[in-house]
Structure formats: structure tokens, C-alpha cells
Amino acid sequence: LNAAPGRAPRQRVRFLPTPGGGGAVELVAARVPVLADHPLVRGPRFRKLKIGAGHRLDVKASGVFVLGIGHGNKLLTDLYNCHLTKVYTVGGLFGKATDDFSDTGNLVEKTTFDHITREKLERILAVIQGTNQKALLMYSNIDMKTQEAYELAVKGLIRPMGKSPPIITAVRCLQFALPEFQLEIHCLHETQQYLRRMVHEIGLELKSSAVCTQVRRIRDGVFTVDDALLRTQWNLQSIQEAIRNCQLKVETELEKTLG
Amino acid sequence: QDGGGLREAMAGVARRLLRRGLGVAAGPPSTRQLREAEEAAPVFQYAGKAARRKDRVFVWGFSYSGALGVPSFVRPDAGWKKPRRIQPTPYHLETEEKISSAACGYGFTLLASNTRDITKVWGMGLNKDSQLGFQRSRRDQTKGYEYVLEPSPIPLPLEKPQQTRVLQVSCGRAHSLVLTDSEGVFTMGNNSYGQCGRKVVEDEIYSGSHLIHQLKEFDSRVVQVVCGQDHSLFRTKKGTVYACGWGADGQTGLGHYNITSVPTKLHGDIAGVNIIQVSSYGDCCLAVSDEGDVFGWGNSEYLQLASVTETTQVNVPRHLPFNIGKIKEAACGGTGNVVLTEEGNVFVWGYGILGKGPNLIETAVPEVIPPSLFGWSDFSPDIRVAHVRCGLGQFAALTSRGELFVWGKNLRGCLGTGRKEDQYFPWRVTVPGEVVDVACGVDHMVSMVRSFT
């Protein structure tokens, strides 16, 4: 960044004396660069960068992780206040229960799982969605008796705009091949450990047990996996390009939600 | 040199011991040890091959009348229990048999099972007019209970008790109807307006009465019985409708405003029409034909029939010309009505909390409730409403996924949402299971639920 050509030094009009003969000293106007802007005086332009992180991602989880640089930190705070949903793909395995709900934990119990069918799993997912739908309406702090609450509920725009416990807005089963299954979860204010715990509780509901094998965030607000940079792309060019591509999306979203 | 030799000897001994497995190496278990321990762990089985989904009954609402069937809510049987006047959320009611049909009256409930056992119908709640039959009191063998706190069997005078099955039950303000498959309809309770289908006896004392009347004279087998507040409607297999009881609001639909004590056939706009469903709970009645038309008669003070007439009482069935599609099911409440169309849309009209926010209090023309309020979205586009039911001031809708939505006046916690406020738009009730059917009363509700797994 420091190697890139920086700002041109400011120019100033100065009246400099001309070297003339004895007698009257003449002043000639000349535009000269300000000495204070000289690179040897100023030093390197960037000595440190402020980088902030967006929503947290576990050590055991993977996926989209949003970072902000410089002015982006303020945008990060604004995006946080928008309370947008995040989308995860969660992989699970039936038959085991561990103490930290993931497949690397200490084994607590092993159970049979051949009685589980896709219909039973989808029924449980429907119930989870239903109870969380209620939580969505309750934590949004809108008075249910008003006409505007009814209108927002019809459009599906009621969302908690403050602190709330984790809420799941949508779940669906992507793959089901005993003993493995994969879910797509849209959620708000969650932690990855909460999602692992949900997989464990789904296992209990189905009269068996389940552990979570994979948690991968595929969308964080407006940022999707397509916008994300891979490990091999962590260089200045790609980062600058990514920032440029996302600028418009972030602006429109902030304007739409926060006005 | 001697010390060094001794150390080497000790190390050699230790190595030999380790190799033989007598000295255990300390430290965290290796991956292989973990894997072996895991494979050796026992496997537990919680659900076998014969595990079936269980059928349960959930009740909620006002409990002091005994209508919920939980005696400990009214008379606590343990010191730490407190009397519970209102049960705000669904409560599991233990029943002996699988309940196939339930009905809520004004302060009492009937549960029926289609078993061939001798006990087919249970009742609980208010029994001041013997609407639950005669429940012999244990303290005084000559008198009956006025409040029945637990589901108690109702003895029906069946000719073939081990062959007849009870198909459906229905409850009104102070009377109840039991429909059987081969022995007609049994009626019990208050008959001061002839709603039990027998002649009105002056100064009859209904409390502690043993009388259960049997009705058999219809043009064909009765397939549905419906109780209004003080009248009864019978729908036969041929598609005709019979009525008896109070008629001052025209709810008997027989062309006059008098009491009818014998079930009489209705004519008017439904003459010759094959009716597939009848509904009533207050003083207004609706009937749905097989072609998707809806007919109404009875009280119209709340604009229920204002689309066809300005009079507030209609005593002859009139066709309601709504252009909302083919109608599949209709339900009548005290002041509002609701219909369900073939596409799965729910239309409401009448007076009161209709479900479209606090601004819509009355309308004579049906208005649709947006499907997104019932859980329909781009993520789940195949959810539709399967059934609609009405209580006196509240509505209930069952979706194809087995979710129950309620809205209306939350009288004594009858909505089951857990909150005390009225609900102005459909709200999900959290029931631990798939709701198969629901019956709405004045201040309580009963639902039949199947567990998930």
C-alpha cells in the first residue's frame, strides 16, 4: 500500500525573492510544493491499518467471515444494527451423542437410528420453524394490537431490531442419507455452538441422538460465498476488487433498512 | 561410571515392563484408543420397529367449570398445587381411549371414541341441565353431579352397545347430540325450546334427569349433527338438512319464528341441493353444497347475511352469492363467519375481531386473510389451510402441516397463546404434535393431536 503512488503534494503560491542585483528586491509569485507534504518529511502513508471483524465464526466452523478496513468498521456497526439473517449449511450424523455436540467431542451415548425417516425429520423442522416464528414476532417489540403490526406480519417484515436470543427464521433439509443429513438454516443472533446444540436436540426429538459434523456459513447479510476471498486470494489486488464490488450492495442495504 | 550403569539398567527394566504392557504409559488417550473405546460402547435403542405415533388430547381455557377435565385445576390434590382458573397454553389430557371426535359446549366438553367397547362417550364440565347425562353422585346416590371435573363415561341406551360406533358429538349451550352409525342420534340436556327433538314438557326439571332421547325418523342416515346455541341441525346422507329447537332468530330455517320440537326438513334455497356440510354455534347457520355454494339463515344482526338482505333475522335458507371460488368448508361463530375455499384461502365476514388487524371490525362481504399469515412463504409454498373452526368469539385454522392458528377474542385464555390479550391476526399455538382436529367453545378449546415420532 505504501509502495503505491500517494497523493500529489499540495501546491502553494509563495512570493519568492528573485536573485537580482543590488537595490530593490523583487518578489515573484511561484507555485511551489508544500515542504510538509514531502515523502521524506511525512514518512510512510500507512503505518497501521484498523481492521475490524464482523459476526463471529467458531474455530470448528468455516465459511464467510466479513472484515472491515478503516471506514469499513463504521459500516460494520451499521450492518450489525440492520439485523440481517445469516445462512448456514449444517451437517449432522445420527447415532452418536457427544458432550460438545460435535463429532470431535467425548462420546456420551450411542443409539440406533434406523427408525428415522425424512418425513419425521421434516416434521421436526416444521415445528422448529413454527416456534421460532412466534419468537420472531414476540421479540420484535411491536404492539400486536396495532394495524401496522398486522401489515408487517402480512409482509413478513417483522424482525427483532434489538438484542434477542437466537432465532431461526427458516430451516430445510438439503440431503438425507442415513446416518448423515444436511440442513440449511437461516438465523439471527446465533452462535455456531447454538446450531450444533440444535442438531443434538433434533436427534433427541427423533428418539435417537445426533452430532454436528460441519457448520459452514454461506451468507452473512449481503455477503455470499461468491463474494468471499479464498486463502490464495488474500492479496492487495483481490481485496481492493472485492471492496469495490460490495460497496454498492452494502449501501443499498443500509439505506433500505436504516433509512 | 557405576551410577551411569545403574541408570541404564533401570531404563532397560522400564522399557521391558512397558513392552509387556505391565507399566501403563500416562498421558492423553491416543486417537486409536478413543476409536476403540467408541466402538466398544453399548448402543441404546429408544424407538423400536413397532414405535407408532401416539394420539393425544390437549385442552386449554377456563377450567373452573370442569370443562378441561383436570380435577386438580379446580380442587388441588396436593398441598403445593394451587387452583388454576385459566390454563393459558395446551395441556395434555390423559384419556383411556383414542378420541376421534370432540365438541365444546358452553362450559362443558364431550369426547367420543369410535371404539366398539361399551364406554364410547365421556363428558366433563357443567351438568346442570344433564347435558352430560346422569352422573351419579357418590355422596348421595339419588342425586347427580352438577359439575363433572373429570372425563366421565356417559351411559347411552344403545340396543347393540358392542356393535354400534359413535361417529360424532356436538354440544350447544345446554344440550348435546351424539351421532351413531346405526342407531340414529341421541340427545340429552335442556329441552325448553325443543332442541333435543322431543316435545317440550312444561316445568320440566332438567338437573339430575336420566332422560336421553333417541331420534331415528329422518329420510336417510344422519351423517352430521350440529348444535347451535339453543337449536339443533341434522344433515342426512341424501344432502337434506333437518332442524329443531328455538327459532326466534329464524335459526331453524323453517319459515317461522316459533319453537320446533320435532326435527323438520328445511326448504328454501337448499331444497333439492346436496348439502355436504352444516355449521352453527350461535344463532346463525351456514350450509355448504357439493358445488361449492354457501347458504345461510338465522341471525343477521352482525351483518352475517347482509349481502342478501337487510333484515336482521332470516328464517328461510338463502343462497349467499359470493364470488370467492368454490367453497369447501364453512364455520359459524357468535358474530363472525369464516369459509375455506378449494384453493386454501380463508375468508371472514361479520362483526368482531375478524383477523385482519384491529381496523377491520365489521364487514358484510367476505375478506381474505393473506396466506402469509398462516406460514406460507417462498421458502414453503405448499402450505395451505385444511380446516377452519369457530368458537363463540374466536376462530381457529388448521394447516396442511398440522399447525394450529387462532385469532379472535381471548376470553379467559381460550386462544391458548399463553397471553391474555386478544389476537387481531392469526397466531400460531405451540402444540407438541401435529394437530389433527380442534373443537372451539366459548371459553375453552380441545384439540386432537398426533405426536411427531
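Residues numbered from 1 in each chain as written. Chains lettered and ligands numbered in written order. Predicted model: local features only at pLDDT ≥ 70, side-chain atom pairs only at ≥ 80, totals over all residues. Heavy atoms only, no water.

Things to note about the overall build of chain B
- Secondary structure assignment for chain B yields three helices and 29 strands.
- Here the C-alpha radius of gyration of chain B, 30 Å, is well above what a compact globule of 453 residues would show, namely 22 Å.
- Referenced to the eigenvectors of the C-alpha coordinate spread, the extents of chain B come out at roughly 125 × 60 × 40 Å.
- Of all 453 residues assigned to chain B, the portion counted as buried reaches 53%.
- Across chain B, the fraction of contacts at a sequence separation of at least 24, relative to all contacts at a separation of at least 6, is 52%.
- Looking at chain B as shown, the accessible area adds up to about 20,900 Å², and 50% of this sits on carbon and sulfur atoms.
- If the 49 positive side-chain charges of chain B are averaged to one point and the 45 negative ones to another, these points end up 9 Å apart. (Helix = DSSP H or I, 4+ residues; strand = E, 2+ residues; numbered from the N terminus. Rg over C-alpha atoms; globule rule 2.2 N^0.38 Å. Buried < 20%, exposed > 50% of the residue type's maximum accessible area, 1.4 Å probe, protein only. Contact = heavy atoms within 4.5 Å. Areas by Shrake-Rupley, 256 points an atom, 1.4 Å probe, with all protein chains shown as cover. Lys, Arg positive; Asp, Glu negative; His and termini not counted. Charge placed at Lys NZ, Arg CZ, Asp CG, Glu CD.)

Focus on the UniProt feature "domain: RCC1-like" (unreviewed entry) in chain B
- As recorded in UniProt, the feature "domain: RCC1-like" (unreviewed entry) lies at residues 53–334 of chain B.
- Within residues 53–334 of chain B, the helical portion is 1% and the strand portion 40%, while the C-alpha atoms at the span's ends are 36 Å from each other. (UniProt positions renumbered as here; feature names shortened; annotations may be inferred.)

Concerning the state of the cysteines
- Counted under the stated rule, the structure contains zero disulfides over all chains.
- Left without a disulfide partner, Cys173(A) is nearest to the cysteine sulfur of Cys212(A), which lies 14 Å away.
- Residue Cys173(A) is classed as buried on the basis of its relative accessible area, which comes to 9%.
- Looking at Cys196(B), it has no disulfide partner, and the nearest cysteine sulfur is the one in Cys244(B), 7.8 Å off.
- Residue Cys196(B) is classed as buried on the basis of its relative accessible area of 0%. (Disulfide = S-S within 2.5 Å.)

Topic: the confidence of the model for chain B
- Summing up the model confidence of chain B, the mean pLDDT is 90 and the portion of residues at 70 or higher is 95%.
- For this predicted complex, the interface score ipTM comes out at 0.78, while the overall pTM is 0.84. (pLDDT = per-residue confidence, 0-100.)

Some points on the interface of chain A and chain B
- Listed by partner, the interface residues are 35 residues for chain A and 33 residues for chain B.
- Here chain A packs against chain B, burying approximately 3,300 Å² in sum over the two surfaces, 62% of which is carbon and sulfur.
- Across the chain A-chain B interface, the total number found is two salt bridges.
- When the shortest N-O distance is used, the salt bridge between Glu38(B) and Lys96(A) registers 3.4 Å.
- Listing elements by their share of the side of chain A that touches chain B, those giving two or more residues are strand 8 (107–111), helix 3 (118–139), helix 4 (147–155), strand 9 (167–177) and strand 10 (180–188) of chain A.
- Looking at which element gives the most residues to the side of chain A that touches chain B, the answer is helix 3 of chain A, with twelve residues.
- Note that strand 8 of chain A and strand 1 (residues 43–44) of chain B share two bridges and pair parallel. Its bridge partner being in strand 1 of chain B, Lys110(A) is matched across the sheet by Val43(B). (Buried area = accessible area lost by both parts, 1.4 Å probe. Salt bridge = Lys/Arg side-chain N within 4 Å of Asp/Glu carboxyl O. Pairing = 2+ DSSP bridges.)

A look at the sheet that holds strand 15 (residues 260–265) of chain B
Residue and element names in this part refer to chain B.
- Strand order in the open sheet formed by four strands is 12-13-14-15, with antiparallel pairing between adjacent strands. The open sheet has two edge strands with one neighbour each: strand 12 (222–227) and strand 15. With strand direction ignored, the average angle separating the axes of adjacent strands in the sheet is 15°.
- Where strand 13 (residues 231–236) and strand 14 (residues 241–245) come together, five bridges link them in antiparallel fashion. (Axes fitted to C-alpha atoms, helices over the stretch in contact; angles between N-to-C directions.)

As for the pairing of strand 8 of chain A
- Across three bridges, strand 7 (residues 96–98) of chain A lies against strand 8 of chain A in antiparallel orientation. Looking at strand 8 of chain A, one finds that Thr98(A) is bridged to Leu107(A).

Quick look at the side chain of Asn299(B)
All names here are of chain B.
- Following the sequence through the fold, Asn-299 ends up in strand 18 (residues 294–299).
- What makes Asn-299 buried here is its relative accessible area of 7%.
- In terms of polar contacts, Asn-299 uses its side chain to reach the backbone amide nitrogen of Glu-301, at 3.0 Å.
- Non-local contacts of Asn-299, meaning those with residues more than four positions away in its chain, are made with Asp-249, Asp-283, Cys-284, Gln-304, Leu-305, Thr-312 and Gln-313. (Polar contact = N/O pair within 3.5 Å; in protein donor to acceptor, adjacent residues only side chain to side chain.)

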